[in-house]
Amino acid sequence: MPELPEVEVSRLGISPHIEGRTIKSVKVHDKRLRWPVPETVHQVEGHVLRSVSRRSKYLLLQTDNGCLILHLGMSGKLRVVPAETTHYKHDHIDIEFDNGQTLRLNDPRRFGALLYSDGDVSGHELLSQLGPEPLTDAFNIDYLFERSRGRSQSVKTFLMDNKVVVGVGNIYANEALFKAGINPKRAAGKISKVRYQKLVPIIKETLASAIELGGTTLKDFTQVDGNPGYFAQKLQVYGRGGKLCMVCSNRLKEIRLGQRSTVYCTQCQR
DNA sequence: AAAGACACCTGTCCGC
DNA sequence: TGCGGACAGGTGTCTT
């Protein structure tokens, strides 16, 4: 899936087509997602879609009668297609609009979700415990440094903890730690403030750059228009275990941290 | 409370 | 060409 940049690219891709339009229907072809799609998603039918926003990797489709919460899991993809377009394998949801456009969710692995919230969506149980957005001022050096104190877990696992900061998934955690010269195995609580001063802006730049380039296309992520994301060409360590470091030509090491593949350079990252 | 393991799925790729 | 096994962008839940 989509890490934060891919979700944001999806949001930017769909919103011009559907924002301000009235939702004609929500068609559930296959309700088997991470949680069964609830009947309450039909509450939005007949109402105007006021905004498409994002919190963490959740897309929030706010109407004047509640909010749809959409998550893409590992393999979810969104496309905007003309009404009545035939649906195929793993097409789970069609949200049809009054302008003849349909927002279609395809998700082979079914780790994605579509839920409904009728109240203040920020208080929803999936959202209320989340850490700050990485591209806001709430995510800053002092904050991350303080949160890290006393933590024995690896800095990479720490960065990927949604209660610490949202949106830093496996690709960008690997990339940011490489650029910051930090060994991903190092205990988060034992890293100096000077090093967090370097790391925080790098995380922001890495994510922002990935959004600008349309995200990272690995196997199957595409932008809503079907074009690939171009950040894959910028990856320096992710997916390159055993290959040579682009900076020092040392052979990159691949290990597992928190059951996620972790690639780093033992020369450049200490 | 914190850290780690596990589970949920299908598709793809690699070695035999 | 087929088959088994490992692995993949996430994250809630359970166990230590």
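As recorded by an unreviewed UniProt entry, chain A carries the name Formamidopyrimidine-DNA glycosylase and is attributed to Idiomarina rhizosphaerae. Under the heading Sequence similarities (unreviewed entry), UniProt records this for chain A: "Belongs to the FPG family."

The next thing to look at is the overall build of chain A. When its secondary structure is counted, chain A shows 5 helices and 10 strands. In terms of C-alpha radius of gyration, chain A reaches 20 Å, essentially the compact-globule figure of 18 Å for 270 residues. Across its three principal axes, chain A shows a C-alpha extent of roughly 55 × 35 × 30 Å. Looking at chain A residue by residue over its 270 residues, the buried ones come to 51%. Long-range pairs, those at least 24 residues apart, make up 63% of the contacts in chain A between residues at least 6 apart in sequence. If you sum the accessible surface of chain A, you get close to 12400 Å²; carbon and sulfur atoms cover 48% of it. The distance from the centre of the 39 positive side-chain charges to the centre of the 28 negative ones in chain A is 12 Å.

Moving on to the protein's contact with DNA strand B. Taken together, the residues surrounding DNA strand B are K89, H90, P108, R109, R110, F111, R151, S152, Q153 and Q259. Within 4 Å of the protein, the contacting atoms of DNA strand B are drawn from sugar and phosphate to the extent of 58%. Each residue belonging to the surface near DNA strand B can be placed in one class, and the counts come to 2 nonpolar, 4 polar and 4 charged.

On to helix α5 (residues 193-212). For α5, built from 20 residues, the straight-helix expectation of 28 Å at 1.5 Å per residue is met to within 8% by its first-to-last C-alpha distance of 29 Å. For α5, the set of buried residues is Y196, L199, V200, I202, I203, T206, L207, A210 and I211. For α5, the elements touching its buried residues are α1 (4-18), α2 (141-148), α3 (155-159) and α4 (170-180). At the C-terminal side of α5, G214 shows a positive phi close to 85°.

Going through the model one piece at a time under the given rule, you end up with 2 aromatic pairs. For the pair F145 and Y196, a centre-to-centre distance of 6.2 Å together with 70° between the ring planes defines the contact as edge-to-face. Taken together, the residues F145 in helix α2 and Y196 in helix α5 connect sequence positions 51 residues apart.

All right, on to the sheet that holds strand β3 (residues 58-63) then. Here 4 strands make up an open sheet; going across it, the order is β2-β3-β4-β8 and the pairing antiparallel. Sheet topology places β2 (49-55) and β8 (113-117) at the edges, where each strand pairs with a single neighbour. Each neighbouring strand pair of the sheet contributes to a mean axis angle of 20°, computed without reference to strand direction. Of the strand pairs in this sheet, β3 and strand β4 (residues 66-71) are connected by 6 bridges, and their pairing is antiparallel. Counterpart to T63 in the pairing with β4 is G66. Strands in contact with α1 are β2 and β3; relative to β2, the strand with the most contacts, it is inclined by about 175°.

Domains assigned within chain A are domain 1 (4-123) and domain 2 (141-264). A straight line from the C-alpha centre of domain 1 to that of domain 2 covers 28 Å. Each side of the interface is counted separately: domain 1 has 17 residues, and domain 2 has 17 residues. A combined buried area of about 1400 Å² lies between domain 1 and domain 2, and 68% of that area is made up of carbon and sulfur atoms. For domain 1, the biggest contributors to the area lost against domain 2 are P5, E6 and V9; these three give 38% of the whole. For the interface between domain 1 and domain 2, the tally reads 0 salt bridges. Summed over the shared surface of domain 1 and domain 2, the result is 2 residue pairs in polar contact (both at pLDDT 80 or more). Going through the elements one at a time, α1 and β5 (77-82) are the ones with two or more residues in the side of domain 1 that touches domain 2. Looking at which element gives the most residues to the side of domain 1 that touches domain 2, the answer is α1, with 9 residues. Here the side of domain 1 that touches domain 2 is built from residues that sort into 8 nonpolar, 3 polar and 6 charged.

About the thresholds
Residues numbered from 1 in each chain as written. Chains lettered and ligands numbered in written order. Predicted model: local features only at pLDDT ≥ 70, side-chain atom pairs only at ≥ 80, totals over all residues. Heavy atoms only, no water. UniProt positions renumbered as here; feature names shortened; annotations may be inferred. Helix = DSSP H or I, 4+ residues; strand = E, 2+ residues; numbered from the N terminus. Rg over C-alpha atoms; globule rule 2.2 N^0.38 Å. Buried < 20%, exposed > 50% of the residue type's maximum accessible area, 1.4 Å probe, protein only. Contact = heavy atoms within 4.5 Å. Areas by Shrake-Rupley, 256 points an atom, 1.4 Å probe, with all protein chains shown as cover. Lys, Arg positive; Asp, Glu negative; His and termini not counted. Charge placed at Lys NZ, Arg CZ, Asp CG, Glu CD. Near = heavy atom within 4 Å. Nonpolar A, V, L, I, M, F, W, Y, C, P; charged D, E, K, R; others polar. Expected span 1.5 Å × (residues − 1). Phe/Tyr/Trp six-rings, centres within 6.5 Å; stacked < 30°, edge-to-face > 60°. Pairing = 2+ DSSP bridges. Axes fitted to C-alpha atoms, helices over the stretch in contact; angles between N-to-C directions. Domains from an automatic or database assignment. Buried area = accessible area lost by both parts, 1.4 Å probe. Salt bridge = Lys/Arg side-chain N within 4 Å of Asp/Glu carboxyl O. Polar contact = N/O pair within 3.5 Å; in protein donor to acceptor, adjacent residues only side chain to side chain.

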